[in-house]
Amino acid sequence: MPRVFKATNIEEEEKEVKKDYLDRHMPHVICEDKVKKGGLFKVKVRMGENYAHPDDHDHYISTIQLWNRETLLAETRYSSGAYSNKPAHAEVDFFINAPGVSMNLSAMAVCTKHGLWQSEDKAVKVI
Ligand SMILES: [Fe+2]
């Protein structure tokens, strides 16, 4: 089982010392707080806020997944060079149909050198 890096498990001192390393590996779920039942809505997953991740042949973001609790909803894969071998904030838009119950979304991302990273949860109310 791989180690999963989560923002909530990292102590404040470590966050400050390693803020560029942590930031460039942390996926973020960006979407509406409330959606209509059955409606199609966009969920963006973006890597990092202030620091871009490398896109080298042996070090790049290879996978981004979107989860609703324990259910995998969608996944995308990248090859090295997808961002012209320049540091970038990898991002993807998923379009999801809102189920009948509220959701708790999270994203997972894989760096080929630094492992598996989990976003903070994003609660989405279905109305
Ligand atoms: Fe990395």
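Our structure is the block above this text.
Residues numbered from 1 in each chain as written. Predicted model: local features only at pLDDT ≥ 70, side-chain atom pairs only at ≥ 80, totals over all residues.

A. Fine view of the overall build of the protein. Looking only at helices and strands, the protein has two helices and 10 strands in total. In the protein, the succession of helices and strands from N to C terminus is β-α-α-β-β-β-β-β-β-β-β-β. Radius of gyration (C-alpha) of the protein: 15 Å, near the 14 Å computed for a compact globule of 127 residues. Taking the principal axes of the C-alpha coordinates as reference, the protein spans close to 40 × 35 × 30 Å. Counting over 127 residues, the protein shows a buried share of 23%. Across the protein, contacts joining residues at least 24 apart in sequence account for 65% of those joining residues at least 6 apart. (Helix = DSSP H or I, 4+ residues; strand = E, 2+ residues; numbered from the N terminus. Rg over C-alpha atoms; globule rule 2.2 N^0.38 Å. Buried ≥ 20, exposed ≤ 12 C-beta atoms within 10 Å, placed from the backbone. Contact = placed C-beta atoms within 7 Å.)

B. Structural detail: the nonpolar core. Core analysis: the largest hydrophobic core is formed by 21 residues, its most contacted members being Ile61, Ile64, Leu66, Leu105 and Ala109. Sorting the residues of this core by element identifies β4 (40–47), β5 (61–68) and β8 (103–111) as the ones contributing at least two each. The element contributing the most residues to this core is β8, with six residues. Discounting chain neighbours no more than four positions away, the residues touching Ile61 are Met47, His53, Tyr78, Ala90, Ala109 and Cys111. (Core = buried A, V, L, I, M, F, W, Y, C linked by C-beta atoms within 7 Å.)

C. Broad picture of the environment of Val35. Position of Val35 among the secondary structure elements: in strand β3 (residues 34–35). The spacing of Val35 and Met103 is 68 residues in sequence and 10.0 Å in space, taken between C-alpha atoms. Discounting residues that sit within four places of it in the chain, Val35 has contacts with Phe41, Ala98, Val124 and Val126.

D. Molecular detail of the pairing of strand β6 (residues 71–77). Of the pairings in the sheet, the one linking β5 to β6 comprises six bridges and is antiparallel in character. If you follow Thr63 over to β6, its bridge partner there is Arg77. The turn joining β5 and β6, which pair antiparallel and follow one another in sequence, is formed by two residues; a positive phi near 55° is taken by Arg69. (Pairing = 2+ DSSP bridges.)

E. Structural detail: the sheet that holds strand β2 (residues 27–30). Read from one edge to the other, the open sheet built from three strands follows the order β2-β4-β7, with strand pairing classed as antiparallel. Every other strand in the sheet has two partners, leaving β2 and β7 (91–97) as the edge strands with one partner each. Strand-to-strand twist in this sheet, taken as the mean axis angle between neighbours without regard to direction, amounts to 25°. In this sheet, β7 lies alongside β4 in antiparallel orientation, the contact comprising seven bridges. Of the residues in β7, the one forming a bridge with Phe41 is Ile96. (Axes fitted to C-alpha atoms, helices over the stretch in contact; angles between N-to-C directions.)

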